Amino acid sequence: MGQIEWAMWANEQALASGLILITGGIVATAGRFTQWYFGAYSIVAGVFVCLLEYPRGKRKKGSTMERWNYYVRAVLHLLLSVPAGFLLATILGTACLAIASGIYLLAAVRGEQWTPIEPKPRERPQIGGTIKQPPSNPPPRPPAEARKKPSEEEAAVAAGGPPGGPQVNPIPVTDEVV
Amino acid sequence: MGNWAVNEGLSIFVISALALARAPAACLNFNCMLILLPVCRNLLSFLRGSSACCSTRVRRQLDRNLTFHKMVAWMIALHSAIHTIAHLFNVEWCVNARVNNSDPYSVALSELGDRQNESYLNFARKRIKNPEGGLYLAVTLLAGITGVVITLCLILIITSSTKTIRRSYFEVFWYTHHLFVIFFIGLAIHGAERIVRGQTAESLAVHNITVCEQKISEWGKIKECPIPQFAGNPPMTWKWIVGPMFLYLCERLVRFWRSQQKVVITKVVTHPFKTIELQMKKKGFKMEVGQYIFVKCPKVSKLEWHPFTLTSAPEEDFFSIHIRIVGDWTEGLFNACGCDKQEFQDAWKLPKIAVDGPFGTASEDVFSYEVVMLVGAGIGVTPFASILKSVWYKYCNNATNLKLKKIYFYWLCRDTHAFEWFADLLQLLESQMQERNNAGFLSYNIYLTGWDESQANHFAVHHDEEKDVITGLKQKTLYGRPNWDNEFKTIASQHPNTRIGVFLCGPEALAETLSKQSISNSESGPRGVHFIFNKENF
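Everything numeric here is computed off the predicted structure, so don't read it as measured data.

With that out of the way, let us pick up the packing of aromatic side chains. Residue and element names in this part refer to chain B. If you walk through the whole model with that rule in mind, you get 26 aromatic pairs over all chains. Here F285 and F319 contribute two aromatic rings whose centre-to-centre distance is 4.0 Å and whose plane-to-plane angle is 25°, an arrangement assigned as stacked. Of this pair, F285 sits in the loop between β4 (275-282) and β5 (292-296) while F319 is found in strand β7 (residues 319-324), placing the two residues 34 residues apart along the sequence. Overall, F319 belongs to the buried group, its relative accessible area being 2%.

Take the UniProt feature "transmembrane region" (unreviewed entry) in chain A next. Residue and element names in this part refer to chain A. As recorded in UniProt, the feature "transmembrane region" (unreviewed entry) lies at residues 12-30, 36-54 and 75-107. A helix fraction of 89% and a strand fraction of 0% characterise residues 36-54, whose end C-alpha atoms lie 27 Å from each other. End-to-end, the C-alpha atoms of residues 75-107 are 13 Å apart, and along that stretch the chain is 82% helix and 0% strand.

Residue and element names in this part refer to chain B. One open sheet accounts for 3 strands, arranged β3-β4-β7; its pairing is antiparallel. The two strands at the open ends of the sheet, each matched to only one other strand, are β3 (263-271) and β7. For this sheet, the mean angle separating the axes of adjacent strands, direction not counted, is 20°. Sheet topology places β4 next to β7; 6 bridges connect them, and they run antiparallel. What sits directly across from E277, in β7, is H322.

Once that is clear, we can look at the state of the cysteines. Think of a disulfide as a covalent bridge from one cysteine sulfur atom to another cysteine sulfur atom. All names here are of chain B. Scanning the model with the defined rule gives 1 disulfide over all chains in all. Across a sulfur-sulfur distance of 1.8 Å, C212 and C225 are joined as a disulfide pair. Measuring handedness by torsion sign, the sulfur bridge of C212 and C225 sits at about -95° and is left-handed. Of this pair, C212 sits in helix α13 (residues 209-212) while C225 sits in the loop between α13 and β2 (230-232), and the two are 13 residues apart along the sequence. Among the residues examined, C212 registers a relative accessible area of 0% and is labelled buried. Judged by relative accessible area, C225 falls into the buried class, the value being 0%. Cysteine C413 shares no disulfide, and the gap to the nearest cysteine sulfur, in C505, comes to 13 Å. Look at C413 and you get buried, because its relative accessible area is 1%.

Proximity of charged atoms lets side chains of opposite charge pair with each other. Residue and element names in this part refer to chain B. One pass over the structure, following the stated rule, counts 11 salt bridges over all chains. A salt bridge links R127 to D114, with the nearest nitrogen and oxygen atoms 3.2 Å apart. On the criterion of sequence distance, the pair formed by R127 in the loop between α6 (104-110) and α7 (132-140) and D114 in the loop between α6 and α7 is long-range, its members being 13 residues apart. Put simply, R115 and E118 hold a salt bridge, and the shortest N to O gap is 3.1 Å. For R115, a relative accessible area of 48% gives the class partly exposed.

Right, let's talk about the UniProt feature "transmembrane region" (unreviewed entry) in chain B for a bit. Residue and element names in this part refer to chain B. Taken from the UniProt record, the annotation "transmembrane region" (unreviewed entry) applies to residues 12-39, 135-160 and 172-189. End-to-end, the C-alpha atoms of residues 135-160 are 28 Å apart, and along that stretch the chain is 92% helix and 0% strand. For the annotated span residues 172-189, helix accounts for 89% and strand for 0% of the residues, and the straight-line distance between the end C-alpha atoms is 27 Å.

A word on the environment of T330 of chain B. All names here are of chain B. Along the polypeptide, T330 turns up in helix α15 (residues 328-336). C-alpha separation for the pair T330 and C297, spaced 33 residues apart in sequence, amounts to 9.9 Å. Each residue touching T330, except ones within four places of it in the same chain, is listed here: F308, I323, R324 and I325.

With that settled, the discussion passes to the nonpolar core. Residue and element names in this part refer to chain B. Ranked by internal contacts, the top residues of the largest apolar core, which has 37 residues, are L374, L388, I407, F409, W411, F422 and L442. For this core, the elements supplying multiple residues, two or more each, are β9 (371-377), α16 (382-397), β10 (406-413), α17 (420-435), β11 (442-448) and β13 (499-505). Residues in contact with F409, not counting those within four places in the same chain, are L374, V381, F384, L388, F422, L442, S443, Y444 and N445.

All names here are of chain B. As summarised here, the arrangement of the 6 strands in space is β12-β11-β10-β9-β13-β14, forming an open sheet in which the pairing is parallel. Among the strands making up the open sheet, the edge pair consists of β12 (478-479) and β14 (530-534). Where β13 meets β14, 5 bridges bridge the pair, whose relative direction is parallel. Among the inter-strand pairings, R499 is bridged to a residue of β14, identified as H530. Together, β9, β10, β11 and β13 form the strand contacts of α16, whose direction differs from that of β9 by roughly 150°. Lying on the sheet, α17 is in contact with β10 and β11; it crosses β11 at an angle near 150°.

This brings us to a nonpolar patch on the surface. Residue and element names in this part refer to chain B. Together, I145, V149, V181, I182, I185 and I189 make up a nonpolar patch on the protein surface, roughly 460 Å² of accessible area in all. When residues of the nonpolar patch are traced back to their parent elements, those giving at least two are α8 (142-159) and α11 (180-189). Within the element layout of this structure, I182 appears in helix α11. I182 sits in the partly exposed class, given a relative accessible area of 40%.

Before going further, it helps to spend a moment on the confidence of the model for chain B. All names here are of chain B. Of the residues in chain B, 91% reach a pLDDT of 70 or more, and the chain-wide mean stands at 84. Ranking the helices and strands of chain B by mean pLDDT puts α11 first, with 96, and helix α1 (residues 11-14) last, with 46. Throughout residues 10-14 the model reports pLDDT below 50, and contacts reaching past four residues in sequence, or to other chains, amount to 27 contacts. Scored as a complex, the prediction yields pTM 0.76 and ipTM 0.76.

On to the pairing of β3 of chain B, then. Residues and elements named next belong to chain B. Pairing of β3 with β4 involves 8 bridges; the strand directions are antiparallel. Within β4, the residue paired with V263 across the bridge is K282. Between β3 and the antiparallel strand that follows it, β4, lie 3 residues; F273 among them carries a positive phi value of about 60°.

This next bit is on the environment of T29 of chain A. All names here are of chain A. With respect to the helices and strands, the residue T29 is situated in helix α1 (residues 6-30). When residues no more than four places from it in sequence are discounted, the contact partners of T29 are W36, G39, A40 and I43. Side-chain polar atoms of T29 contact the backbone oxygen of G25, separated by 2.5 Å.

Time to look at the confidence of the model for chain A. All names here are of chain A. Of all residues in chain A, 54% have pLDDT values of 70 or greater, and the mean over the chain is 73. Within chain A, the element-level pLDDT minimum falls on helix α5 (residues 152-159), averaging 40, and the maximum on helix α2 (residues 37-53), averaging 94. Residue range residues 116-129 is modelled with pLDDT below 50. Its contacts to residues more than four positions away, or to other chains, number 21 contacts. This model gives residues 148-165 a pLDDT under 50, and the stretch forms 21 contacts once residues within four places in sequence are excluded.

Below, the discussion takes up the packing of α1 of chain A against α2 of chain A. Residue and element names in this part refer to chain A. Interaxial distance between α1 and α2 falls to 7 Å at its minimum, and their mutual angle equals 155°. Taken together, α1 and α2 sit at an angle that is classed as roughly antiparallel. Where α1 crosses over α2, the two elements pack in a sense that is left-handed. Of α2, the residues touching α1 (which contributes N11, A14, L15, G18, L19, L21, I22, G25, I26, A28 and T29) are G39, A40, S42, I43, G46, V47, V49, C50 and E53. Of the residues contributing to the contact of α1 with α2, the split by class is 12 nonpolar, 7 polar and 1 charged.

About the cut-offs
- Residues numbered from 1 in each chain as written.
- Chains lettered and ligands numbered in written order.
- Predicted model: local features only at pLDDT ≥ 70, side-chain atom pairs only at ≥ 80, totals over all residues.
- Heavy atoms only, no water.
- Phe/Tyr/Trp six-rings, centres within 6.5 Å; stacked < 30°, edge-to-face > 60°.
- Helix = DSSP H or I, 4+ residues; strand = E, 2+ residues; numbered from the N terminus.
- Buried < 20%, exposed > 50% of the residue type's maximum accessible area, 1.4 Å probe, protein only.
- UniProt positions renumbered as here; feature names shortened; annotations may be inferred.
- Pairing = 2+ DSSP bridges.
- Axes fitted to C-alpha atoms, helices over the stretch in contact; angles between N-to-C directions.
- Disulfide = S-S within 2.5 Å.
- Salt bridge = Lys/Arg side-chain N within 4 Å of Asp/Glu carboxyl O.
- Contact = heavy atoms within 4.5 Å.
- Core = buried A, V, L, I, M, F, W, Y, C linked by side-chain atoms within 4.5 Å.
- Patch = residues over 30% accessible without salt bridge, like charges linked within 9 Å, V, L, I, M, F, W, Y side chains within 5 Å.
- Areas by Shrake-Rupley, 256 points an atom, 1.4 Å probe, with all protein chains shown as cover.
- pLDDT = per-residue confidence, 0-100.
- Polar contact = N/O pair within 3.5 Å; in protein donor to acceptor, adjacent residues only side chain to side chain.
- Parallel < 35°, antiparallel > 145°, perpendicular 65-115°, else oblique.
- Left-handed = near helix turned anticlockwise from the far one by under 90°.
- Nonpolar A, V, L, I, M, F, W, Y, C, P; charged D, E, K, R; others polar.

Here is the structure:
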């Protein structure tokens, strides 16, 4: 778990920077500030950064991205942040994206890899429709009114399995830290 | 044009952009005052203790301090955003007015302060046009510098506080969060330069705004309209935040003092599947069931405190925590305690430990019912270790005085491996109850919610053995999710006319299920069975 460090934070920071660039850009463009076209650039750059950074942490396909990818991201973010530095409205976005670029550089230098954060056990196939449902009331079956639910202990021992229903886990029991 | 009689002079330029900046600033004052308070956990413990007269329900709200802290943090983020955006408009328009890129009225007002014996209204004094003008203001005015710096700090704090960062690399979260020191210092001096200007009282007395509003070209030339004088408003924020800052400083001092108190590790037990148990003693340590402590090990990390639920009962003469080895800090602790070595460790080799706490509202409510249902999901089973042990001690000491007569315990987990130690505890209780001929006191059900075909075959083969094949307990393990409706109905039929307490430590979804079941299985009249779901526990 200690493996994923700076890159994850860089990802969050870059995503936040994207949003800040978009906001600053909208302010400059809508208010028609002087040289507002920098604001327009900022919106576009912000959207691009957000799209790039949005898939974070969860790698459903399990593909790994190598270290060089982080160098590319570091340089890309640094270059993207520069034009937004010309307007006060977008300069906060510049600063944030530059910081994200720095953290990506740190991650790249440290040789990090993008590994899935989901722990292995979750990939175990869930038992769904393949379960062979044992009969809950084997023959000879008593008449309907005698088929009452047994007491709690007897059910646990006699049934040897769940009282009814297929074995799916609708509510995953997660290890929530108290 | 803005009504300059009512607002500060600057609103002339900005047609409520200034008001739009000052409103969130006022909210920020309030929120920044509140944000420090929920994290003063020793202060909260003190409040909890001194409010013993109030009902438990009231005291339990103090347990939700972190939720409150996060809510206030989001409010600070929101108000900072509005404040910044409004001031961006403000600065743009003020600079434009200064470089004659605005309506004549604003331009004329901006020129106030150029001549001698005049005080300025527009804080943009140099005539630098946008966008350089705005940037220049941001780096030369104190409000500009502090504004940018503290907003950056706020953004860094927020991005490093997301759940994934907190879980996978706690240190980044913890150390970055300390940027709040810079945030508060910057916040206190943010308004010190007094660039938000208003007409002074003396000037208002001699300069009648209603009359002079239309005659700006004659100001200073006619008797009834001398040049108006302006002064900056004094900073107000420090008045809001100085109290909580002092309280937080006291809190850190208390934590430091407590951490200097001697804590002795009396026993270290390694349990299977990467769990260790630390048994410790500290002078004057008093705990109650269901509480937690913060632990620091300077050998592993000089600055980090980590929370752990107490797993020992108050009746024991030591206190213990069970630690799962999942990250850097816990691994470091594992090695520091010599758990990786096979041979016996001398007591003096054990590392120094600092303990802060105990915190949390005690779960005394468990003892006020005759019958209880305890439900623990996954790691949520940990506080129940303390409760079950305490119940056992009370039972052994004075069974007749104990109101609690029957416990139904439900343990839901994916697999029991991580909690072998808890299974051992249940085994111990099981054998002791058999000795006392009261095997029915505690009935527990373990549900393995994640299992596969091969395990199922294994269980089926060993079904008839006396002890359960997974846990070694006499009561068999069950698979899948419990059928809560059945459980509640069975218990209700066995204990008619009783109040049954339902306690949960687990995920929110399960809380909702149990809450609904409690309500639907309770009878409406005052007699009859009632399930009372204690939602705020743990």
